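# Close look at the chain arrangement
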Amino acid sequence: MAGLHIVSDNPWIIHGYNFGNIFSPVKQLAPYLSPPKTERIHFILTLNWSLLPAHKFQSFHRAYLRHKRRYPNLIVTVLANEEAELKLLRDHGIRSELCNQNAFLDERRYTVLKRNKLYNAVTNSRMAPYKRIELARDVKDCCLITYFLDPEDLEYEKRIYGSHEEGKNCPMPFMKFPQYENGHYVHYFSIDKINEIYGQSRCGLILSAEEGACFAAMEYLLCGLPVVTTPNIGGRDEFFDKDYAVWAEPTPEAVAEAVEKAISLPISAEEIRRRTLEKVRKHREKYMQILNDIAREEGVDRDFQKEWDNFFINKMFTNMSEQEAVAMLQARGLHTRYSLLHRLHNGHKAFKLWLKGLEWKLARRKSEKD
């Protein structure tokens, strides 16, 4: 999948979201793009995972240099999620700016809801080990909103949900699982339903040690929830404030204590949201300055601040296949190519995706039987 959004076709500016694979969607789309030497295409790349671990950065750096040599007309600007990441990128000559991904969450989709409080805490987390959901073990009335992306997530589910027999062998005795019925995961919640649960919760938990900036952390703030977080890398701290965020050591006891502190903080939900939006505004102003600078670099006079409503979409990306992305670029007037080698490559990828989907179905079926 290519997570991207066309911001401008004069000059060409494509905002891409790096999903796991190093340098995607730039890497995915570059072979299709063959502009004349007088035309340049700019990619703005948001990172979904921290580059601070050495192995992550080394892989990314190699990909960046390889791309720069092979496609000199495709200019990449990397958006760092935190200051340490920005310094690392710039120290290695990578064109980059500080602009956190969470500034692109559409605030109109999340709001403060006055609801009866059913949960002391909520955690909206993928069912995956890096999310460290087990750290919420001692939090009374903690609600889990979850989803699955990989068959390996099913193994972690056993550590969090336990037996599929209702009420038996649950490793998290205080946790609520509203997406489960009769011992099985059956509901993928809509944004409206997630908003309702946020409104029924007193604080939000985000417990990973390493990931990206984490959209869920921003959702909590936009819904007026104070946040409990562990020390981390990835950039989610960018929008936190000591008045509505509590840092906890990564132990169940410390997290439970931090929840009690968070729900007693003397700040209103409306104030949390207001202050968060003020921080968002500063990052968006930086983003629009980046766009204006690119336009001037290409000899185009644009004021993107005045055009914000014309190009802004939630998260600044849309999920689509490579073929859909290329068709969209063609429809906007960009010349593309589609070599036989790339056709064969895409056929291989399509088969791997089909095989992975089949493995997922079989793994889920086996898990339910067990």
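Heads up: the structure comes first, above all this text.
None of the values given here were measured: they were computed from a predicted structure.

## So, the pattern of salt bridges
- The final tally for this structure, using the stated rule, is 27 salt bridges.
- Here Arg274 and Glu271 are joined by a salt bridge, their closest N and O atoms 2.9 Å apart. Of this pair, Arg274 and Glu271 both sit in helix H8 (residues 269-297), 3 residues apart, roughly one helical turn.
- The class of Arg274 is partly exposed, set by a relative accessible area of 48%.
- Using a relative accessible area of 23% as the deciding quantity, one classes Glu271 as partly exposed.
- Glu285 is the salt-bridge partner of Arg281, the closest N and O atoms lying 2.4 Å from each other. Of the two residues, Arg281 and Glu285 both sit in helix H8, 4 residues apart, roughly one turn of that helix.
- The partly exposed category is assigned to Arg281, whose relative accessible area is 36%.

## Structural notes on the nonpolar core
- Formed by 62 residues in total, the largest nonpolar core has its most connected members in Ile160, Met175, Leu205 and Val228.
- When residues of this core are assigned to their parent elements, the largest contribution, 7 residues, is made by helix H6 (residues 215-222).
- Residues in contact with Val228, not counting those within four places in the same chain, are Cys203, Gly204, Leu205, Ile206, Val246, Ala248, Val255, Ala258, Val259 and Ala262.
- Counting 33 residues, the second-largest nonpolar core is a separate cluster that includes Ala30, Phe60, Ala80 and Ala325.

Calculation notes
- Residues numbered from 1 in each chain as written.
- Predicted model: local features only at pLDDT ≥ 70, side-chain atom pairs only at ≥ 80, totals over all residues.
- Heavy atoms only, no water.
- Salt bridge = Lys/Arg side-chain N within 4 Å of Asp/Glu carboxyl O.
- Helix = DSSP H or I, 4+ residues; strand = E, 2+ residues; numbered from the N terminus.
- Buried < 20%, exposed > 50% of the residue type's maximum accessible area, 1.4 Å probe, protein only.
- Core = buried A, V, L, I, M, F, W, Y, C linked by side-chain atoms within 4.5 Å.
- Contact = heavy atoms within 4.5 Å.

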